[in-house]
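Overview (structure and organization)
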Amino acid sequence: MAVFEGSEKRLEVEFWHGAATPADGLRSLSRAHLDELLDLAACKIISGRSCPALDAYVLSESSLFVYPSLWVLKTCGTTGLLRSVGRLLEMTGRLGMRPRRVRYSRASFLYPKDQPPPHSSFAEESAVLQKHFGCLGDGGSAYVLGDYCRGMQWHVFAAEDPGSRLKGGAAIGTTIELCLTGLDRRAAAKFFRDDAFVSPSWTTKSTGIADLLNGSEIDDYVFEPCGYSMNGLKGSGFITVHVTPEEACSYASVEFS
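The rules we used
- Residues numbered from 1 in each chain as written.
- Predicted model: local features only at pLDDT ≥ 70, side-chain atom pairs only at ≥ 80, totals over all residues.
- Heavy atoms only, no water.
- UniProt positions renumbered as here; feature names shortened; annotations may be inferred.
- 1 Å grid on protein atoms, 1.4 Å probe; cavity = no way out; pocket = protein on both sides within 12 Å on 5 of 7 lines; lining within 4 Å.
- Points joined across faces, edges and corners; volume = space filled by probe spheres on them.
- Helix = DSSP H or I, 4+ residues; strand = E, 2+ residues; numbered from the N terminus.
- Nonpolar A, V, L, I, M, F, W, Y, C, P; charged D, E, K, R; others polar.
- Buried < 20%, exposed > 50% of the residue type's maximum accessible area, 1.4 Å probe, protein only.

Under an unreviewed UniProt entry, the protein has the name adenosylmethionine decarboxylase and belongs to Ostreobium quekettii. Within the UniProt record for the protein, the comment given under Pathway (unreviewed entry) is "Amine and polyamine biosynthesis; S-adenosylmethioninamine biosynthesis; S-adenosylmethioninamine from S-adenosyl-L-methionine: step 1/1." The Sequence similarities (unreviewed entry) comment attached to the protein in UniProt states, word for word, "Belongs to the eukaryotic AdoMetDC family."

**Notes on the layout of surface pockets**
In this structure, the largest pocket occupies an estimated 290 Å³ of space. Along its surface, the largest pocket is lined by 19 residues, and Phe4, Ser60, Phe223, Cys226 and Gly227 are the ones closest to its centre. For the lining of the largest pocket, the secondary-structure elements that each account for two or more residues are β11 (228-234) and β12 (237-244). In terms of residue count, β12 provides more of the lining of the largest pocket than any other element does, 3 residues in total. Tallied by class, the residues present in the lining of the largest pocket amount to 8 nonpolar, 7 polar and 4 charged.

**Remarks on unusual backbone geometry**
Cis geometry marks the peptide bond from proline 117 to proline 118, where omega comes out at 5 degrees. Looking at the element boundaries, proline 118 is found in the loop between β6 (98-107) and α3 (122-133). Of the consecutive residues glutamate 224 and proline 225, the connecting peptide bond is found in the cis state with omega at 5 degrees. You can see proline 225 is positioned in the loop between β10 (217-222) and β11. Although it is not a glycine, alanine 42 adopts a positive phi angle of roughly 70 degrees. Relative to the helices and strands, alanine 42 is located in the loop between α1 (31-41) and β2 (45-50). Given a relative accessible area of 45%, alanine 42 falls into the partly exposed group. Here serine 62, not a glycine, exhibits a phi torsion of approximately 85 degrees, which is positive. Here serine 62 is to be found in strand β4 (residues 62-66).

Dropping the structure here:
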């Protein structure tokens, strides 16, 4: 029986701008640069939207958000998100940018043995992150939250330049993430491309997802044969929703930033 790992790896890196950094910072990276980074992570761009504050991309495995100073990459399945970090830092270094803070997070994997290195374990992931961001503060801290005997755990690695708090706040003020497993079969059935399928926009509206952030510009996609991704942009913030509807591995995530 085929299964899909819906649980997402999430990397958020905020950068300092240097004297020679273009005003649009990370947004000055070309589509070829983005494609190269995503190839390293084992995913690709399906569609994109832009607004004055940021660029947002629906990926074959989740989403990418690019601000002038902030990079937010979420990937699911058996992607190798952390394989792209070294090249990202090379590209940003050429723009005169350096990391200000980083946060990597993920829930427990439903199928951990299917994950490629360096995602085989949280210890391995943390070692890679310390290699790239150990220059920040005390080298970073790794935490595992939650009771192993009572369900999923939340894994977090965080590091920050100690001067960050003195020189201004983060590009995004608040992030709220909700992750769910064991989805109701009737609700999950709406995210299949079956005989009843109409369009991604119909799926977004009929499920109530369109009402989660009223007035947002929505970019949505329903995969073949099933699966759903959506980015919504509003002002300087975003919402992103991802659904893996198969009963054997059902998963959904909602993030507001």
